[in-house]
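A structural walkthrough
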Amino acid sequence: MSARSSEKSAPAGVFITRIGTALPNAPVDNDRMEAVLGQVGGRPSRARALVLRSNGIQARHYVFDPESGRQTHSNAQLTAEAVRDLAGDGFAIDDIELLACGTSTPDQIAPNHGVMVHGELGSHPCEVVATAGICVSGVMSLKYAYMSVLAGLTRNAVATGSETASTFMRAWNFEAENEARVAALEKKPVIAFEKDFLRWMLSDGAGAMLLEDHARADGLSLRIDWIDQWSYAHELPTCMYAGAEKTAEGRLMGWRELGSMQAVADRSLLSLKQDVRLLEDGIRISSRRAFEAMIERRGLRVDEVDWYVPHYSSAHFADVMWEVMPDDWKIPRSRWFTNLRYRGNVGSASMYLLLDDLMRSQALRPGQRILCYVPESGRFSIAFVALTVVGP
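Since we're looking at a predicted model, the values are computed, not measured. (Residues numbered from 1 in each chain as written. Predicted model: local features only at pLDDT ≥ 70, side-chain atom pairs only at ≥ 80, totals over all residues. Heavy atoms only, no water.)

Regarding the pairing of strand β7 (residues 204-212)
Summarising burial for β7: 9 of the 9 residues are buried, a large majority. Residues Asp204, Ala206, Ala208, Leu210 and Glu212 of β7 are buried on one face, and the alternating residues Gly205, Gly207, Met209 and Leu211, pointing to the opposite face, are buried as well. As defined by bridge partners, strand β1 (residues 15-22) adjoins β7 across 7 bridges and the pair is classed as antiparallel. Bridged to Ile16 within β7 is Leu211. Direction of pairing for strand β6 (residues 156-164) relative to β7: antiparallel, over a ladder of 9 bridges. In the strand pairing of β7, Asn156 is matched with Glu212. (Buried < 20%, exposed > 50% of the residue type's maximum accessible area, 1.4 Å probe, protein only. Helix = DSSP H or I, 4+ residues; strand = E, 2+ residues; numbered from the N terminus. Pairing = 2+ DSSP bridges.)

Spelled out as structure tokens, the structure:
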């Protein structure tokens, strides 16, 4: 047999045949959030009520036990739990040929998140890749997995998106900064709004998808039609970041430029921050351009979209999501699906959890088309995922 004839042929399509999820511990409602995350400097947050009024989130999950405060999962452990949720009915974890993992909040700088998840799984050798970023990192891990199966390089692949954002948001992360402000004789030491804002916006969770070169015979699958992503970093400034701070000129100064780890601690540089002054305008500009680019590239019509699955961080942005669609290309709200109220904003895992909840809703029918929209405010990247429901 020749080398060419022994090569795998590209499949007719790539299908999401299973979705696994992991949501740690009991849900935490709005009234208990600060008890779990803690009060910075022993004072209630001045931003909490304001942020919660606008974001529309009523419950979320944290990798900290709400009663004891003990951390129950690392990011790698939580992601591995979602991957294990894929197993059964003829598929085993040792069958995985490729593992692609995206996250905003890896447990460490190195090694990469993907190999740490593989280590937690303890499965057979396989190809492993990690995608960095914020919300879009989960989409790009899916795209890597999709391209591998589409090219015939592997028969299956597992993609993940996961977050343990609460590990950034515990009060003790900000104590050194608070003490430094007290030492500077500030009368009302509070952490900057750009940091406190995110303490009430983010959630923990993980999702995993099994991609195969054939659809399920006994249930619904989601065929991946295409995945597009655009970055607008060439014209928009940094909005969300960690491990750095902005200079007066708007340049991002990394934590290693500060000269000492004490300086890093005193300024909470490793915490997540978001420049809320840039957020809405940046999302509007990048989303409008991405919608126009997607429509031009794909020729997709509004009447071809049966389900619109947008990821947004706050209920406030639902109206913004409507506005950024071209005037002659607006998907009616009756076709939108969201789980923000009871899952929260789970960053790179959100699309996975959204599609899992949509599948569980039993509202999907073979032939329906789904358009997922995932924005990222790090430096304003936008991703779209187009799917078709396939089933017996």
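Here's the deal with helix α14 (residues 350-360)
Burial of α14 is extensive: 9 of the 11 residues sit out of reach of the surface. Positive phi shows up at Gln362, right after α14, with a value of about 60°.

So, the environment of Phe15
As for its position among the elements, Phe15 is in strand β1. For Phe15, a relative accessible area of 11% gives the class buried. Once the C-alpha coordinates of Phe15 and Asp213 are considered, the two residues, 198 residues apart in sequence, prove to be 6.3 Å apart. In this view, Phe15 contacts Leu210, Leu211, Glu212, Asp213, His214, Ala215, Ser221, Leu222, Arg223 and Val390; residues no more than four positions away in its chain are not counted. (Contact = heavy atoms within 4.5 Å.)

Brief notes about the pattern of salt bridges
Close approach of charged atoms lets side chains of opposite charge pair. Scanning all chains against the criterion turns up 20 salt bridges. Residue Asp228 pairs with Arg297 through a salt bridge whose shortest N-O separation is 3.0 Å. A residue pair is termed long-range when its members are at least 10 positions apart, and Asp228 in strand β8 (residues 221-231) and Arg297 in helix α11 (residues 276-298) qualify at 69 residues. Since its relative accessible area comes to 1%, Asp228 is described here as buried. With its nearest N and O atoms 3.0 Å apart, the salt bridge here joins Arg301 to Asp303. Given a relative accessible area of 47%, Arg301 falls into the partly exposed group. The class for Asp303 is exposed, based on a relative accessible area of 54%. Linked through salt bridges whose partners overlap, the residues forming this network are Arg301, Asp303, Glu304 and Arg369. (Salt bridge = Lys/Arg side-chain N within 4 Å of Asp/Glu carboxyl O.)

Describing the pairing of strand β4 (residues 98-103)
Note on strand geometry: in a regular strand, side chains alternate between the two faces of the sheet. In terms of burial, β4 is largely enclosed, as 6 of its 6 residues are buried. A two-sided burial pattern is seen for β4, the buried positions comprising Leu98, Ala100 and Gly102 on one face and Leu99, Cys101 and Thr103 on the other. Pairing between β4 and strand β5 (residues 127-131): 5 bridges, direction parallel. Its bridge partner lying in β5, Cys101 is registered against Ala130. Each parallel crossover has a hand, and for β4 linked through helix α5 (residues 113-121) to β5 it is right-handed. In terms of strand pairing, β4 meets β6 through 5 bridges, oriented parallel. Note that in β6 the partner of Thr103 across the bridge is Ser162. (Right-handed = clockwise from strand over helix to strand, strands pointing away.)

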